[in-house]
Amino acid sequence: RFSVKTLIDRSCFETIDDTSPEFNNFAAILEQILSHRLKGQITWFGYESPRSFWDYIRVACRKVSHNCICSIENMENVGSSRAKGRAWIRVALMEKHLSEYISTALRDFKTTRRFYEDGAIVLGEEANMLAGMLLGLNAIDFSFCLKGEGLDGSYPAVIDYTPYLKFTQSSDSISSDEEELRTLGSSGSEGSTPENIGPPFITDENSWYNKCKRVEQKYRLALEQKGYLEELVRLRENQLSESISQNKLLLQRIEDMDLAHKMEKEQLEYIIVELQDQLTVLKNNDLRSRQELTTHLTNQWPSPGALDVNAVALDTLLYRKHNQQWDEKSFQSLDQLSAEVSLSQSSLDPGHSQDGKQDGINLLNEGKEDTPSLLGLCGSLTSVASYKSLTSLKSSEYLASPTTEMTSPGLTPS
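Figured I'd write up the structure that's included with this text. Owing to the predicted nature of the structure, the values given are computational and were not obtained by experimental measurement.

Below, the discussion takes up the packing of helix α1 (residues 2-11) against helix α2 (residues 21-35). Interhelical geometry of α1 versus α2 gives an angle of 155° and a closest axis separation of 9 Å. When the axis of α1 is compared with that of α2, the two are roughly antiparallel. Crossing hand, α1 versus α2: left-handed. Across the interface between the two elements, Ser3, Val4, Thr6, Leu7 and Arg10 from α1 touch Glu22, Phe23, Phe26 and Ile29 from α2. Here the residues of the contact of α1 with α2 are counted per class, giving 5 nonpolar, 2 polar and 2 charged.

Put into structure tokens, the structure is as follows:
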């Protein structure tokens, strides 16, 4: 009510625009009234995000004929919701329809109830007088620039209470009060005569009395202002103490989260080191198993050189048998072949010489037939008994001695 009155008084002397402190104070008060106990918007994740009074005005004032909602929504230089609400206040004042917008929005009680919590100003009895007080602003011609800095929604609306806390009595009101007091004082002394000294004394007494009343009024006004300021300071101190306590709780929570993060990081590092150790042990065990398997397979089977020599000897025997070339020279070369097989086995794999000999004998036994021409080969090619049985069948002039065959296997008699 005070802001509307000061705004009307100011409009009698100059045009109201964005630079007028009375208008800035009025816009801040109206914005605080429309933002009082405004509900937040619930998101899909369950969090409550704050919103501006423009969200309520945009829904509740669409029923107003020739409204400016769409034009404000399409403004390029106005981006935030709070800036759009401030632009709406200025456009409504220039159109002289602010009272109509507010009354239409308050009549839509269902929408108002959906946007505001209990105890809000727009839900109380004071809201019914709000549209009536704003009706007097229709007589003022406003001029605003919708591209100025006043539409920036980054800073909140601040109300200046200084013009409403200071009361200055004009000289005309003081003179009227003195005339009234003088009239009241002179009415009680109508029967007095000019010779009496009463009237001058009464006049002086009234003047002192008036001065005392003025001083008392000033004192009471100063006392009320002092009480209000003390209450305001007390409220700000309570808010500051609450903010400090909340800040301490948040700092403690941050420290606890940092400590938990460090402990979790140390546990993860320990687990990584342990897994690396286990992986190294598994790799070593796998390598050791591969080496043991290779050694086992190597020791189980004979050497490749011995098998190759035995295979050559067997192929030679089978080829000569097929071509029926068992003459005296073949017997002589057979003895040399047996000696060479025995020497090659002993030189390549001494530990497995006996196994190699036995394998060669088995291969020879599988490839021979029971014919009279092979009766001398019943025993081993390198044994002494087989050698003697073989010499008994051959003529003494074509067979070499055992000593010569064992010592010089690579030589054949002419």
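Using the criterion set out here, one finds 7 aromatic pairs in the structure. Residue placement shows Arg1 over the ring face of Phe2; its charged tip is 5.9 Å from the ring centre. One cation-aromatic arrangement involves Lys211 over Trp208; the distance from NZ or CZ to the ring centre is 5.0 Å.

Looking at where Arg90 falls in the secondary structure, it is placed in helix α5 (residues 81-95). A polar side-chain atom of Arg90 sits 3.1 Å from a polar atom in the side chain of Asp18.

Once that is clear, we can look at the packing of α2 against α5. The axes of two packed helices give the description: the angle between them and the distance between them. In contact at an axis separation of 11 Å, α2 and α5 are set at 120° when each is read in the N-to-C sense. The pairing of α2 with α5 is recorded here as oblique in orientation. α2 and α5 meet at a crossing whose hand is right-handed. Where α2 abuts α5, its residues Phe23, Phe26, Ala27, Leu30, Glu31 and Leu34 lie against Arg82, Arg86, Trp88, Ile89, Arg90 and Leu93.

Considered for burial, the residues of α1 that qualify are Ser3, Val4 and Leu7. Here the buried residues of α1 occupy an arc of 100° about the axis, which is enough to place them on one side. Turned more than 90 degrees from where α1 packs its buried face, Phe2 and Lys5 sit exposed. Contacts made by the buried residues of α1 are with α2, α8 (127-134) and α9 (162-165).

Another point: a nonpolar patch on the surface. A contiguous nonpolar patch, built from Leu268, Tyr270, Ile271 and Leu275 and spanning about 430 Å² of accessible area, is present on the exposed surface. Among the secondary structure elements, Leu268 is positioned in helix α11 (residues 198-300). Residue class for Leu268 comes out partly exposed when judged on its relative accessible area of 47%.

Positionally, Ala87 belongs in helix α5. In this structure the C-alpha to C-alpha distance between Ala87 and Phe144, which are 57 residues apart in sequence, comes to 9.5 Å. Aside from chain neighbours lying at most four places away, what touches Ala87 is Ile72, Met75, Leu146 and Leu151.

This part is about the layout of surface pockets. One number sums up the size of the largest pocket: a volume of about 480 Å³. Along the walls of the largest pocket sit 17 residues, with Arg1, Ser3, Ile29, Ile33 and Met133 positioned nearest its centre. When residues of the lining of the largest pocket are traced back to their parent elements, those giving at least two are α1, α2 and α8. Of the residues assigned to the lining of the largest pocket, the class counts are 14 nonpolar, 1 polar and 2 charged.

Moving on: α5. Along its 15 residues, α5 runs 21 Å from first to last C-alpha, staying within 8% of the 21 Å computed at 1.5 Å per residue. Of all 15 residues making up α5, 11 are buried, and the element is well covered by its neighbours. By the burial criterion, the buried members of α5 are Ala83, Lys84, Gly85, Arg86, Ala87, Trp88, Ile89, Arg90, Val91, Ala92 and Leu93. Capping the start of α5 is the job of one residue whose side-chain oxygen sits 3.3 Å from the backbone nitrogen of Ala83: Ser80. Downstream of α5 by a residue or two, Lys96 has a phi angle that is positive, lying close to 60°.

Calculation rules
- Residues numbered from 1 in each chain as written.
- Predicted model: local features only at pLDDT ≥ 70, side-chain atom pairs only at ≥ 80, totals over all residues.
- Heavy atoms only, no water.
- Axes fitted to C-alpha atoms, helices over the stretch in contact; angles between N-to-C directions.
- Helix = DSSP H or I, 4+ residues; strand = E, 2+ residues; numbered from the N terminus.
- Parallel < 35°, antiparallel > 145°, perpendicular 65-115°, else oblique.
- Left-handed = near helix turned anticlockwise from the far one by under 90°.
- Contact = heavy atoms within 4.5 Å.
- Nonpolar A, V, L, I, M, F, W, Y, C, P; charged D, E, K, R; others polar.
- Phe/Tyr/Trp six-rings, centres within 6.5 Å; stacked < 30°, edge-to-face > 60°.
- Lys NZ or Arg CZ within 6 Å of the ring centre and 35° of its normal.
- Polar contact = N/O pair within 3.5 Å; in protein donor to acceptor, adjacent residues only side chain to side chain.
- Buried < 20%, exposed > 50% of the residue type's maximum accessible area, 1.4 Å probe, protein only.
- Arc of directions from axis to C-beta.
- Patch = residues over 30% accessible without salt bridge, like charges linked within 9 Å, V, L, I, M, F, W, Y side chains within 5 Å.
- Areas by Shrake-Rupley, 256 points an atom, 1.4 Å probe, with all protein chains shown as cover.
- Salt bridge = Lys/Arg side-chain N within 4 Å of Asp/Glu carboxyl O.
- 1 Å grid on protein atoms, 1.4 Å probe; cavity = no way out; pocket = protein on both sides within 12 Å on 5 of 7 lines; lining within 4 Å.
- Points joined across faces, edges and corners; volume = space filled by probe spheres on them.
- Expected span 1.5 Å × (residues − 1).

On their own, these measurements won't tell you what the molecule is for.
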